[in-house]
Amino acid sequence: MENLKNECHVLIAIFPGQGHINPSLQFSKKLINLGVKVTLSCSLTAFNRIKNLPKIEGLTFAPFSDGYDGNFKGSFDEYHLLNSAIKIHGSEFIANLIKSKAKNGCPFTRVIYTIIMDWAGLVAKKFNIPSTLFWIQPATVFDIYYYRFTNFANYFKNCDSQDQIIELPGLPSLSSSDFPSFVFDDVKSNDWAVESIKRQIEILNSEENPRILVNTFDALELNALRVLKNVTMVGIGPSIPSSFLDEKDRKDNFFVADMIESENNYMEWLDARANKSVIYIAFGSYAEISNQWMEEIGQGLLKCGRPFLWVIRETLNGEKPEENLTCKDELEKIGRIVRWCSQMEVLKHPSVGCFLTHCGWNSTLESLASGVPIVACPIWNDQVCNAKLIQDVWKIGVRVNANREGIVKRDEFERCIEIVMGGSEEGEELRKNVKKWKDLAKEAMKENGSSNVNLKAYVNEFLLGHC
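Residues numbered from 1 in each chain as written. Predicted model: local features only at pLDDT ≥ 70, side-chain atom pairs only at ≥ 80, totals over all residues. Heavy atoms only, no water.

Focus on the confidence of the model for the chain
- Averaged over the chain, the pLDDT score is 89; the fraction of residues at 70 or greater is 90%.
- Scored below 50 in pLDDT, residues 1-5 makes 7 contacts in the model with residues more than four places away or belonging to other chains.
- Within the model, the stretch residues 249-262 combines pLDDT values under 50 with 40 contacts to residues more than four positions away or in other chains. (pLDDT = per-residue confidence, 0-100. Contact = heavy atoms within 4.5 Å.)

Given below as structure tokens:
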């Protein structure tokens, strides 16, 4: 095994979003445990936000400048500028890194890359290095994109009614409102993301027997993982710290280190709350919600009257959004508002009874693996499809309904929270289901579990076999 560690070297190229970094880091740990050396490469836009890089034998970091290095001040409508800079600077950096490692006798034997990083696979191809996509969203979402940009393209063009039920092979019945936002997205500012996904699928279809790794597990999405005939999808998730699945000591197994200074006393506050009494609210690292939405959430929390822990980040301009809440003083009497928290630690805390989330895939898997039911409040992208799966397929939560103006009202937040937190038959069923999926997630990551077996097979066939 020691010789393999010295000979088999993988480069993992990551888009600089925490939703990409966290699962990639956990994936890297698994590869290292199987005897593979890993170099993680990402732009300084992400690295500059990390306080302390984890030190793991066999893992090295190769950050590069994207020209902004964490100082990009544009809105999401201008995100194409950052993506373009990452691609231009990253392509040159990775090409030079590949040449340097080969010259120094430690060549890369494979390049693995996340969503929006299709260009990294093309760089690898120039050096005759095989590459693999690590899909960090559900298999169901990949299937939808694949159908959209291949043989079902015309079918999608006719789906203009939100009430129309759409049947796609291997997937649950969907309406157009259940699809990832990029599927029907005609917003010019999102062209860069849509084009990247299309290019990715074109690249896969140009390969012989293409294979992608997916951050999911067989029991959760068996049909979605198997339905495509031209692409082999390999479930290797959930890609979260193993200690949160096997209940070992968690001290040395957190995610990427704190992105900002934390407020430590929220854990003591949770310790003082009753079992399953707290509503945890967080909308990820980048999602921004309007003041109106925040007000409705706040008023909904007051109507419930239950203790809550709400993560509200400062804006890019340093503003504190909670200062705009008319009900801030009343809210602080029953709950806590913090800038940041260790989400997995919070979700594992016995006082937490539900998670009000935007349904990012990492948050969804973390909640599922922790056995915490969900109030689903998706904003865009894959979150919309994730919410559909949460409510109607896995039945581990309820999805809030927006009004015609796209706003979720306080009464709706109260209704959904009470379903999940209350003692109704529906709430009991949700808690029963989420425990089932928690146990299945834990099973998948065991030594002989499906995800572990799948990853070992990939490593043996596609990595060690070429070292």
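Quick look at the packing of aromatic side chains
- By the definition in use, this model includes 15 aromatic pairs.
- On the numbers, 4.8 Å between centres and 35 degrees between planes, the contact of F27 with F134 is tilted. Of this pair, F27 sits in helix 2 (residues 18-33) while F134 sits in strand 5 (residues 131-135), placing them 107 residues apart in sequence. In terms of burial, F27 and F134 fall into one category: buried.
- Each ring, one from W361 and one from W394, has its centre 5.9 Å from the other, and the planes form 40 degrees; the classification is tilted. Here W361 is found in helix 15 (residues 361-370), whereas its partner W394 is found in the loop between helix 16 (382-393) and strand 15 (397-399), with 33 residues between them in sequence. A single burial state applies to W361 and to W394, both of which are buried.
- Linked through ring pairs, F15, Y68, F72, Y79 and W192 together constitute an aromatic cluster. (Phe/Tyr/Trp six-rings, centres within 6.5 Å; stacked < 30°, edge-to-face > 60°. Helix = DSSP H or I, 4+ residues; strand = E, 2+ residues; numbered from the N terminus. Buried < 20%, exposed > 50% of the residue type's maximum accessible area, 1.4 Å probe, protein only.)

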